[in-house]
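Each chain, letter by letter, is given below.
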Amino acid sequence: MRRSPRSRSWEGPGPIGSRCHTCRTAGRNSGRTGWGRASATSPSGRTARSSWRTRRRTRVRRGIRRSGRGGVGSWAGFPIVTTDGHAIGTMCVIDANPRQWQPQELETLATLARAVSNEINLRISLSTAQSALETANRALSVLQDLARSLQESLLPPVLRPVPGMDASARYLAATGDVEVVGDFYDLFNARGPWWTAVMGDVCGKGLEAAKVTALARYTLRADAGDRLSPAEVLDRLNTAMRAQRAPRFLTAVQATFRTTPAGAAGRLCLAGHPPALIRRADGRVQQTGRPGTLLGVMPTVRLTDVRFRLVPGDLLFLYTDGACEARPDPSKPLPHRPIFDEEALAEALADTRGMDAADTNAHIAEVLAGHHGGWASDDTALLSLRVPPRS
């Protein structure tokens, strides 16, 4: 504080942006920020000084009665502000006696105010980030539910039973995938005693892949009853995809078959798809199908039908490339393992000797999970058709 001898006044410097009171008179009567001044001069000299002291004692007593303690002789404060400059509070210090705030004291107070502002802003940012994360997690959960529902709508909820055969399908989703993918399968009666099993894999993910999947499924169902040759049906699908300007290509395998007194017989065609596998009753595994052109790209495709026969105990196994390209999670320090290729898949299928269609798919799914350690890089569809052994 600084007392002026000429005017008999109390003066106190206040920081910029703050309010500094030297006493009750200087603060409340002058209402000034920065330097406060209360003048006590008068022509009568001593009488003015006595009157000023009387008024000051009266105001101090009033301050004591209001606060229950000593009055406020001086105070200084700095605003607590948000990152966008809005004041949300003040960091204040109060002294019961009038005094002059030293520059070091004001600097310390300013530093404390900045520290409090930073802490409050940090907590506000943290709360905002947590709220945003919770909102994002809820949105992700909804998106996953929608993708799962759409994916399920592109697959048959249950397989229609084939008289005299054991059939089972299984779909294995990729780890953490929230988009619709293009793996699909179907099993339906083509006409009369003839049945059709189809497995396909559309390139890409999302709504574009979903549209091509729907186009492929319903085109195959519509044409399979008119033509019993899988190659002709897949050729017509290629034409339909190009006519509809399908945004994605696909690979597929189709088998058209019927049951016979000896088991089952039919024809199978590959369109850019991995070969089908036949597990014989004695556990031997054979590849079947001739490589063909994928669909939706070229106006002319090369597709070939291959005949096959199944006897009691034999099983026809169709799959997408997720079953022959499984790999461990590259982000984890696991021992190096090669890709689970077609040879490894054939060995796993041979180990299912004597199993029915459902148990065969379950065993393959378990082997794949053991190889990639719970991290599936791609979706996988499995379809098994088995002629039950004769009792």
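Since we're looking at a predicted model, the values are computed, not measured.

Caption draft 1: The packing of helix 6 (residues 342-350) against helix 7 (residues 357-372), seen in detail. Between helix 6 and helix 7, the least distance of the axes is 10 Å, while the angle of their chain directions is 135°. It follows that helix 6 is oblique to helix 7 by the angle criterion. The element helix 6 and its partner helix 7 pack so that their crossing is right-handed. In this structure, helix 6 uses L345, A348 and L349 to contact helix 7, whose residues at the interface are T360, H363, I364 and V367. When its residues are assigned to classes, the contact of helix 6 with helix 7 shows 5 nonpolar, 2 polar and no charged.

Caption draft 2: Looking closely at the nonpolar core. Counting residues in hydrophobic clusters, the biggest one holds 45 residues, and the most contacted among them are L234, L250, F257, L268, L295, L316 and L318. For F257, the residues in contact, after removing those within four places along its chain, are V162, M165, L187, P193, W194, W195, A197, A265, G266, F308 and L385. Counting residues in hydrophobic clusters, the runner-up holds 14 residues, among them L277, L315, L345 and L349.

Caption draft 3: Spotlight on the sheet that holds strand 15 (residues 380-386). Strands sit in the order 6-15-14-11-12 across an open sheet of 5 strands; the sheet is antiparallel. Two strands lie at the open edges of the sheet, namely strand 6 (166-172) and strand 12 (285-288), each paired on one side alone. Shown here is a sheet whose adjacent strand axes are inclined to one another by a mean of 20°, direction ignored. Bridge count for strand 14 (residues 315-319) against strand 15 is 5 bridges, and the pairing is antiparallel. Looking at strand 15, one finds that F317 is bridged to S384. Docked against the sheet, helix 6 engages strand 11 (276-279), strand 12 and strand 14, running at close to 145° with respect to strand 14.

Caption draft 4: Region of interest: a nonpolar patch on the surface. On the surface, F249, V297 and M298 cluster together into a nonpolar patch covering about 240 Å² of accessible area. Following the sequence through the fold, M298 ends up in the loop between strand 12 and strand 13 (305-310).

Caption draft 5: Here's a closer look at the pattern of salt bridges. Tallied over the full model, the rule gives 12 salt bridges. E105 is the partner of R99 in a salt bridge, and the nearest nitrogen-oxygen pair spans 2.5 Å. For R99, a relative accessible area of 22% gives the class partly exposed. Overall, the relative accessible area of 31% leaves E105 in the partly exposed class. Between D223 and R236 there is a salt bridge, with its nearest N and O atoms 3.3 Å apart. Of this pair, D223 sits in helix 4 (residues 207-224) while R236 is found in helix 5 (residues 230-243), placing the two residues 13 residues apart along the sequence.

Conventions adopted
- Residues numbered from 1 in each chain as written.
- Predicted model: local features only at pLDDT ≥ 70, side-chain atom pairs only at ≥ 80, totals over all residues.
- Heavy atoms only, no water.
- Axes fitted to C-alpha atoms, helices over the stretch in contact; angles between N-to-C directions.
- Helix = DSSP H or I, 4+ residues; strand = E, 2+ residues; numbered from the N terminus.
- Parallel < 35°, antiparallel > 145°, perpendicular 65-115°, else oblique.
- Left-handed = near helix turned anticlockwise from the far one by under 90°.
- Contact = heavy atoms within 4.5 Å.
- Nonpolar A, V, L, I, M, F, W, Y, C, P; charged D, E, K, R; others polar.
- Core = buried A, V, L, I, M, F, W, Y, C linked by side-chain atoms within 4.5 Å.
- Buried < 20%, exposed > 50% of the residue type's maximum accessible area, 1.4 Å probe, protein only.
- Pairing = 2+ DSSP bridges.
- Patch = residues over 30% accessible without salt bridge, like charges linked within 9 Å, V, L, I, M, F, W, Y side chains within 5 Å.
- Areas by Shrake-Rupley, 256 points an atom, 1.4 Å probe, with all protein chains shown as cover.
- Salt bridge = Lys/Arg side-chain N within 4 Å of Asp/Glu carboxyl O.

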